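Given next are the chains, with one letter for each unit.
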Amino acid sequence: MTGTVTLVGAGPGDAGLLTIRGLRALQEADVIVADRLGARAVLEQLAADGVHLSAEVIDVGKLPGHHPVPQDGINDLLVQHALAGRRVVRLKGGDPFVYGRGREEQQHCEEAGIPVDVVPGVTSAVSVPAVAGIPLTHRGVAASFTVLSGHDQIEPGGVLSLSRGDHTVVLLMGVNTLGHSAHVLSSGARGVDCPVAIIEDGYGERERVTIGTLGTIAHLAASRQVRSPAVVVVGDVVALSPHAAGSLSSSKGRTFTRRFDKLSDPGHELSDPGHEPSVPATPKPHWADALDAGLAVDTGLVQAVDALDPASARRSPLSSLFSRSR
């Protein structure tokens, strides 16, 4: 009897963002073919929370420039196990259909006569900016957004909306091409002062937020040795982030420090040693027990804030939810 294949989006790497339908597929699977980003972290968190998965786990994770199992091999692996009568889950980071090659895998299986189900996941294009308090749309600031792959360099004039200041641009996998992207975007109506945010390792242990402008972000990223995985957000919505308060408007390079306590504490504020009026800051969610503030100034316009909170601190026990979904 032919088995089945289910493409499951693991989200950005936090098991709390895995859908109930995705969890059920994992619990019923005989084989789980897992990606590196997002997927492995979710499996590890499930195990840590006492959720037992009986499936064999096959790691097909890719590193930049190093693909131990090429895409053709992954496609064949799904077919091989399904034809052997197994229930196969292809666990992919983010959403399978957002730069995940999910449809390619689905088509390959369908050509072999194997039924394929798709379980959407929470894409990092939306969820990771939210970690930094950045909405992709905001009334009066941005009414639309575009998600681009950083693997393909942005061409000048390629997309008209990219030059508009009221349009948010999200770059996935865009660290290596950041300098080129910043140059192209700044040459349009946005200009060099358009705010930019880089969120590294969103929901991970090395989560870090860097705020700059199109004119400064490439230099800042190089000096801070920004690494993948990272999501880059370009647009005026970046200024809405609590991390950006004071950094994009200060021309004197003052040191701003941010104090975060638990959500129940109403005393969240941004303190300015220059004795300017304090600016209320959006509190970090309760799952961040600590957030140390760091400062990196480039021509007085850039402030970078490091989120040093261990990922485990933001993970509430999930076992009760998982047990109910069985």
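Quantities reported herein were computed from a predicted structural model and do not represent experimental measurements.

1. A look at the overall build of the protein chain
Thinking step 1. The helix and strand inventory of the protein chain stands at 8 helices and 14 strands.
Thinking step 2. Put simply, the protein chain has 326 residues, and 50% of those count as buried.
Thinking step 3. Taking all contacts inside the protein chain whose residues are at least 6 apart in sequence as the whole, residues at least 24 apart take part in 68%.
Thinking step 4. Accessible surface computed for the protein chain: about 15,200 Å², of which carbon and sulfur atoms make up 53%.

2. Focus: the pattern of salt bridges
Thinking step 1. Across all of its chains, the model carries 9 salt bridges by this definition.
Thinking step 2. Of the charged contacts in the structure, one is a salt bridge between D35 and R90, with a shortest N-O distance of 2.9 Å. Of the two residues, D35 is situated in the loop between β2 (31-34) and α2 (39-48) and R90 in strand β4 (residues 87-92); the sequence distance between them amounts to 55 residues. For the pair D35 and R90, a shared accessibility class is recorded, and that class is buried.
Thinking step 3. A salt bridge links E110 to R103; the shortest N-O distance between them is 3.2 Å.
Thinking step 4. Relative accessible area serves as the criterion here: at 38%, E110 is assigned to the partly exposed category.

3. Section: the sheet that holds β2
Thinking step 1. With parallel pairing, the 5 strands of this open sheet are ordered in space as β3-β2-β4-β1-β5. Edge positions in the sheet fall to β3 (56-59) and β5 (116-119), since each of these pairs with one other strand and no more. Adjacent strand axes in the sheet meet at a mean angle of 20° when their direction is disregarded.
Thinking step 2. Of the pairings in the sheet, the one linking β2 to β4 comprises 4 bridges and is parallel in character. Following the sheet pairing, V31 is matched in β4 by V88.
Thinking step 3. Against the sheet, helix α3 (residues 71-83) makes contact with β1 (4-9), β2, β3 and β4, and its axis sits at roughly 155° relative to β4, the strand it touches most.

4. Re the confidence of the model for the protein chain
Thinking step 1. Overall, the predicted model of the protein chain reaches an average pLDDT of 78, with 72% of residues at or above 70.
Thinking step 2. Below a pLDDT of 50 lies the segment residues 250-326, which in the model reaches 146 contacts outside its immediate sequence neighbourhood of four places, other chains included.

5. Brief notes about the pairing of β2
Thinking step 1. The alternating pattern of β2 places V31 and V33 and I32 and A34 on opposite faces, both of which are buried.
Thinking step 2. Where β2 lies against β3, 4 bridges are found, and the strand directions are parallel. Of the residues in β3, the one forming a bridge with V33 is I58.
Thinking step 3. The parallel pair β2 and β3 is bridged by α2, and the resulting crossover is right-handed.

6. Quick word on the nonpolar core
Thinking step 1. Formed by 21 residues in total, the largest nonpolar core has its most connected members in I154, I198, L214, I217, V232 and V234.
Thinking step 2. Only β7 (167-172), α6 (178-186), β8 (195-200), α7 (217-223) and β10 (230-234) provide two or more residues apiece to this core.
Thinking step 3. Those residues in contact with I154 that sit more than four places away from it in its chain are L148, L162, L171, H180, S181, V184 and L185.
Thinking step 4. With 20 residues, the next largest nonpolar core counts A10, L46, L91 and V119 among its residues.

7. Focus on the packing of α3 against helix α4 (residues 102-111)
Thinking step 1. Interaxial distance between α3 and α4 falls to 9 Å at its minimum, and their mutual angle equals 45°. Considering the angle they form, α3 stands oblique to α4. For α3 against α4, the interelement crossing comes out right-handed. From α3, Q71, I74, N75, D76, L78 and V79 reach across to α4, where they touch E104, E105, H108 and C109.

8. Details of the pairing of β4
Thinking step 1. Counting buried residues along β4, 5 of its 6 residues qualify, which places the element largely inside the surrounding structure.
Thinking step 2. Examined bridge by bridge, β1 and β4 share 6 bridges and lie parallel to one another. Bridging across to β4, G9 finds its partner in K92.

9. Side note on a nonpolar patch on the surface
Thinking step 1. A cluster of nonpolar residues, V98, Y99 and M173, forms a patch on the protein surface that exposes about 250 Å² of accessible area.
Thinking step 2. Structurally, Y99 is set in the loop between β4 and α4.

10. Thoughts on α2
What sets the pattern is the α-helix's 3.6 residues per turn: residues three or four places apart point alike.
Thinking step 1. Listed in full, the buried residues belonging to α2 are A39, V42, L43, Q45 and L46. Taken end-on, α2 shows its buried residues confined to a sector of 165°, consistent with a single buried face. Of the exposed residues in α2, those oriented more than 90 degrees away from the buried face are E44, A47 and A48.
Thinking step 2. Among the residues trailing α2, G50 stands out with phi positive, at a value near 80°.

11. Looking at the side chain of K92
Thinking step 1. Mapping K92 onto the fold places it in strand β4.
Thinking step 2. A polar side-chain atom of K92 sits 2.7 Å from the main-chain carbonyl oxygen of G100.
Thinking step 3. The residues touching K92, leaving out its near neighbours within four places in the chain, are V8, G9, A10, G11, D35, G100, G102 and E105.

Procedures and definitions
Residues numbered from 1 in each chain as written. Predicted model: local features only at pLDDT ≥ 70, side-chain atom pairs only at ≥ 80, totals over all residues. Heavy atoms only, no water. Helix = DSSP H or I, 4+ residues; strand = E, 2+ residues; numbered from the N terminus. Buried < 20%, exposed > 50% of the residue type's maximum accessible area, 1.4 Å probe, protein only. Contact = heavy atoms within 4.5 Å. Areas by Shrake-Rupley, 256 points an atom, 1.4 Å probe, with all protein chains shown as cover. Salt bridge = Lys/Arg side-chain N within 4 Å of Asp/Glu carboxyl O. Pairing = 2+ DSSP bridges. Axes fitted to C-alpha atoms, helices over the stretch in contact; angles between N-to-C directions. pLDDT = per-residue confidence, 0-100. Right-handed = clockwise from strand over helix to strand, strands pointing away. Core = buried A, V, L, I, M, F, W, Y, C linked by side-chain atoms within 4.5 Å. Parallel < 35°, antiparallel > 145°, perpendicular 65-115°, else oblique. Left-handed = near helix turned anticlockwise from the far one by under 90°. Patch = residues over 30% accessible without salt bridge, like charges linked within 9 Å, V, L, I, M, F, W, Y side chains within 5 Å. Arc of directions from axis to C-beta. Polar contact = N/O pair within 3.5 Å; in protein donor to acceptor, adjacent residues only side chain to side chain.

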